[in-house]
Amino acid sequence: MVEVFDVSDVVARLRAAGSVYAEDEAAVLRTAAGSQDDLESMVRRRVAGEPLEVVVGWAEFCGHRVVVEPGVFVPRTRTGVLVDQGARLIGSGAVVVDLCCGTGAVGLALHARVDGIELHAADIDPAAVRCARGNLEPLGAVVHQGDLFDALPGTLQGAVDLLVVNAPYVPTAAISTMPPEAREHEPLAALDGGGDGVDLHRRVAAHALTWLAPGGHLLIETSPRQAALTTAAMATGALASRVVTDAVIDGSVAIGWAR
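Residues numbered from 1 in each chain as written. Predicted model: local features only at pLDDT ≥ 70, side-chain atom pairs only at ≥ 80, totals over all residues. Heavy atoms only, no water.

**Student:** An account of the pairing of strand 1 (residues 58-61) is needed here, citing residue identities and associated values.
**Tutor:** On any regular strand, side chains alternate: one points to one face of the sheet, the next to the other face. Two elements, strand 1 and strand 2 (residues 64-67), share four bridges in a ladder whose sense is antiparallel. Pairing of Ala59 across the sheet is with Val66, part of strand 2. (Pairing = 2+ DSSP bridges. Helix = DSSP H or I, 4+ residues; strand = E, 2+ residues; numbered from the N terminus.)

**Student:** Describe in detail the packing of helix 1 (residues 7-16) against helix 3 (residues 36-47), supporting the description with residues and values.
**Tutor:** Put simply, helix 1 and helix 3 touch, their axes get as near as 9 Å, and they point 20° apart. Between helix 1 and helix 3, the angle falls in the class roughly parallel. The way helix 1 lies across helix 3 gives a crossing that is right-handed. Residue-level inspection shows Val10, Arg13 and Leu14 of helix 1 in contact with helix 3, the latter providing Glu40, Val43, Arg44, Arg46 and Val47. (Axes fitted to C-alpha atoms, helices over the stretch in contact; angles between N-to-C directions. Parallel < 35°, antiparallel > 145°, perpendicular 65-115°, else oblique. Left-handed = near helix turned anticlockwise from the far one by under 90°. Contact = heavy atoms within 4.5 Å.)

**Student:** Which residues make up the sheet that holds strand 4 (residues 118-123), and what values do they have?
**Tutor:** Taken together, the seven strands give an open sheet; going across it, the order is 5-4-3-6-7-9-8, and neighbouring strands pair in mixed fashion. A single partner strand is all that each edge strand has here, and the edge strands are strand 5 (142-145) and strand 8 (239-246). On average, adjacent strands in this sheet sit at an angle of 20° to one another, irrespective of strand direction. With six bridges connecting them, strand 7 (residues 212-222) and strand 9 (residues 251-258) associate as antiparallel partners. When the sheet's bridge partners are listed, His217 is paired in strand 9 with Trp257. Together, strand 3 (95-99), strand 4 and strand 6 (160-165) form the strand contacts of helix 6 (residues 105-113), whose direction differs from that of strand 3 by roughly 155°.

**Student:** Which residues make up the state of the cysteines, and what are the values?
**Tutor:** Scanning the model with the defined rule gives zero disulfides in all. In this model Cys62 remains outside any disulfide bridge; the closest cysteine sulfur is found in Cys101, 15 Å from its own. The cysteine Cys101 is free of any disulfide, with Cys100 supplying the nearest cysteine sulfur at 8.2 Å. (Disulfide = S-S within 2.5 Å.)

**Student:** With reference to specific residues and values, describe the side chain of Thr230.
**Tutor:** With respect to the secondary-structure elements, Thr230 resides in helix 10 (residues 227-236). Since its relative accessible area comes to 0%, Thr230 is described here as buried. Polar side-chain contacts of Thr230 include one of 3.0 Å to the side chain of His201. Contacts of Thr230, omitting those with residues within four sequence positions, involve Val198, His201, Ile220, Thr222 and Ala254. (Buried < 20%, exposed > 50% of the residue type's maximum accessible area, 1.4 Å probe, protein only. Polar contact = N/O pair within 3.5 Å; in protein donor to acceptor, adjacent residues only side chain to side chain.)

Here's what the structure looks like:
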């Protein structure tokens, strides 16, 4: 940590750039900087619109620091609903797949929450896979690259106890309304969910039963506005479902299982 030249100046610059949590961000930057020059560079990058997590190189997620590399989707607090609900459904020895894993944050948090799980993660984006490998492989997890289930080894068919999915669910037309730090610095493939936002939810739900073990569950992050579309996709895939919303973190998840 460095003694900054003027904390109030950092806060003022962040606030002028549009940060609503300027004081908190200034504290994070101050802690992360190795020197006064580092701090100045970080402040300039943040003021220019880079996500705070990319500037400092990590995101806080479910009580853990997750490494975040440039060009990778930044974990959101609301995604913790996948961890909270998923951890209730598995025990030691469970086979868990973190699909559309991004940094691997969900898998990392589940690994910390439930002892003895066999963890796999997958993403189509090479940058995300590289980042996830850095976060998860030291835990003994295996990270795969490919398009949804195509990334997974056939040995997992019928063996997955928990399939957690944070696929993009922002409708295409709404991408332009997202904050610049997201739409300009995160990959479009990690944001764009298609016309109504649930294109990937449909693709996942259509094939989930092939991969789920008896008694296994599919969890897909969704939004209150789109939850009915996500559960409809699960119904089409022969899954029963329910929706859980955590108002504290503003997170919603559709939970599916074999009928």
